[in-house]
Amino acid sequence: MSPQVLPGTERQLAFRRELLDRGHLIETGVDGVYGLGPDFEDVRRRFDALVTRVAAPDDAVRMHFPPVLPLRTLEATGYVGSFPHLCSVVHAFEGDAVEARTMAELAEKHADWGDHLVQSDLALVPACCYPVYPAIAARGRLSVGGVVVDAGAAYAFRNEPSEDPARLRAFHQREIVRIGEPAAVEAWRDRWRDRSVALLRGLGLDATCDTAGDAFFGRAGRMLAATQRRDGLKFEVLAPIAGDAPTALASFNYHRDHFGALFGLELAGGGPAHTACLGFGEERVVMALLAAHGSAVSDWPSEVRAQLWEA
Ligand code: ZN
């Protein structure tokens, strides 16, 4: 089944055409899923390495997870209720030989064969911090000061097809998670907000910071997002790509004790830990750089190249 595709503006479509023509993105046949060309992927990895250098003082625990997570974990986060329109679950075939033949015939005709699949115990990862919370909870009570976890750059998936090249369905999210006492978590979040603006400005991007709300589902969701904004729980760092307004390149979420209570993350002194996470959308960062400095990476300003190449 082809989902509904969000149309892009003229500028977004022109930018996508340019990214494809220059070989930065590689067409797959569906909106929001692209292969990454050599220069694009090189810059993405160099940006990721730059984040690692900036994050060094955090002395983070490194963890790396695959782009699927246990369905039980997704259910525990409340994601299915909050973002039913974005979540994607892995389905698999468990039938007999006769059913397999029927299914294959439908698939060969590109007809709908979903009725022959059953829900598996896996979902696609919608936010790369989700696998971190149960993994840290399983280690037992936190030590004083809590922990920083760097989940690296992993693929996240959100089912929101769009013609805007900056709205990908599958993209690399560089997530760093802070788990600990409330004051420490808030201070870390604020420090990273400033660090991220400086980091992106250092790459010649017109980066600004603003409070934001998540794209929760439905009418009740809009109220949740309004509360999130009012309480300053979510910030984004934005820069121009090809939209009428700047696009979020990074987001900072303070969950208070939401995940701490859900996953049993216990503070050294007892009680649920507070958590915050930051996520860079790495493809968006590369696109913002291409939009700002041109599609020929070798012609980028030397001070930008110095940040990414010569460090
Ligand atoms: Zn997160």
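Look a little higher up for the structure.
Residues numbered from 1 in each chain as written. Predicted model: local features only at pLDDT ≥ 70, side-chain atom pairs only at ≥ 80, totals over all residues. Heavy atoms only, no water.

**A closer look at the side chain of Arg-284**
Tracing the sequence through the fold places Arg-284 in helix H10 (residues 282-293). This buried residue, Arg-284, is left without a salt bridge; Asp-164 holds the nearest opposite charge, at 5.9 Å. Here Arg-284 is in contact with Ala-166, Arg-167, Ile-241, Thr-247, Ala-248 and Leu-249, once residues within four sequence places are set aside. (Helix = DSSP H or I, 4+ residues; strand = E, 2+ residues; numbered from the N terminus. Buried < 20%, exposed > 50% of the residue type's maximum accessible area, 1.4 Å probe, protein only. Lys, Arg positive; Asp, Glu negative; His and termini not counted. Salt bridge = Lys/Arg side-chain N within 4 Å of Asp/Glu carboxyl O. Contact = heavy atoms within 4.5 Å.)

**Section: unusual backbone geometry**
The bulk of non-glycine residues show a negative phi, and the bulk of peptide bonds are trans. Here Asp-59, not a glycine, exhibits a phi torsion of approximately 50°, which is positive. Inspection of the secondary structure puts Asp-59 in the loop between helix H2 (38-55) and strand S3 (61-62). What makes Asp-59 exposed here is its relative accessible area of 68%.

**Focus: H10**
Its twelve residues give H10 an end-to-end C-alpha distance of 16 Å, which sits within 8% of 16 Å, the value for a rise of 1.5 Å per residue. Burial runs high along H10: ten of the twelve residues are buried. Every buried residue belonging to H10 is among Glu-282, Glu-283, Arg-284, Val-285, Val-286, Met-287, Ala-288, Leu-289, Leu-290 and His-293, and all of these are buried. Positive phi shows up at Gly-294, right after H10, with a value of about 100°. (Expected span 1.5 Å × (residues − 1).)

**Some thoughts on the nonpolar core**
If you look at the biggest cluster of nonpolar residues, it comprises 83 residues, and the most contacted ones within it are Tyr-133, Ile-179 and Leu-308. Residue contacts for Tyr-133: discarding those within four places in its chain leaves Val-177, Ile-179, His-255, Phe-259, Phe-263, Leu-265, Thr-275 and Cys-277. (Core = buried A, V, L, I, M, F, W, Y, C linked by side-chain atoms within 4.5 Å.)

**Observations concerning the coordination of the zinc ion**
Looking at the zinc ion, one finds its protein donor set to be Cys-129 (SG), Glu-175 (OE), Glu-175 (OE) and Cys-277 (SG), positioned 2.2 to 2.7 Å from the metal centre. Coordination at the zinc ion is irregular: its four donor atoms span angles of 50 to 127° at the metal. Mapped onto the sequence, the donors of the zinc ion take the spacing C-x45-E-x101-C. Of this pair, Cys-129 sits in the loop between strand S6 (117-124) and helix H6 (132-137) while Glu-175 sits in strand S8 (residues 170-180), and the two are 46 residues apart along the sequence. Each member of the pair, Cys-129 as well as Glu-175, carries the same accessibility label: buried. (Donors = N, O, S within 2.8 Å, 3.2 Å for Na, K, Ca; no water. Tetrahedral: all angles 85-135°; square planar, octahedral: opposite > 155°, others 65-115°.)

**Some words on the environment of His-293**
Here His-293 is to be found in helix H10. Residues His-293 and Leu-20, spaced 273 residues apart in sequence, show a C-alpha to C-alpha distance of 17 Å. With residues up to four places along the chain from it excluded, the contact list for His-293 reads Leu-203, Gly-204, Trp-300, Pro-301 and Val-304. One polar contact links the side chain of His-293 to the main-chain carbonyl oxygen of Leu-203, over a distance of 2.8 Å. (Polar contact = N/O pair within 3.5 Å; in protein donor to acceptor, adjacent residues only side chain to side chain.)

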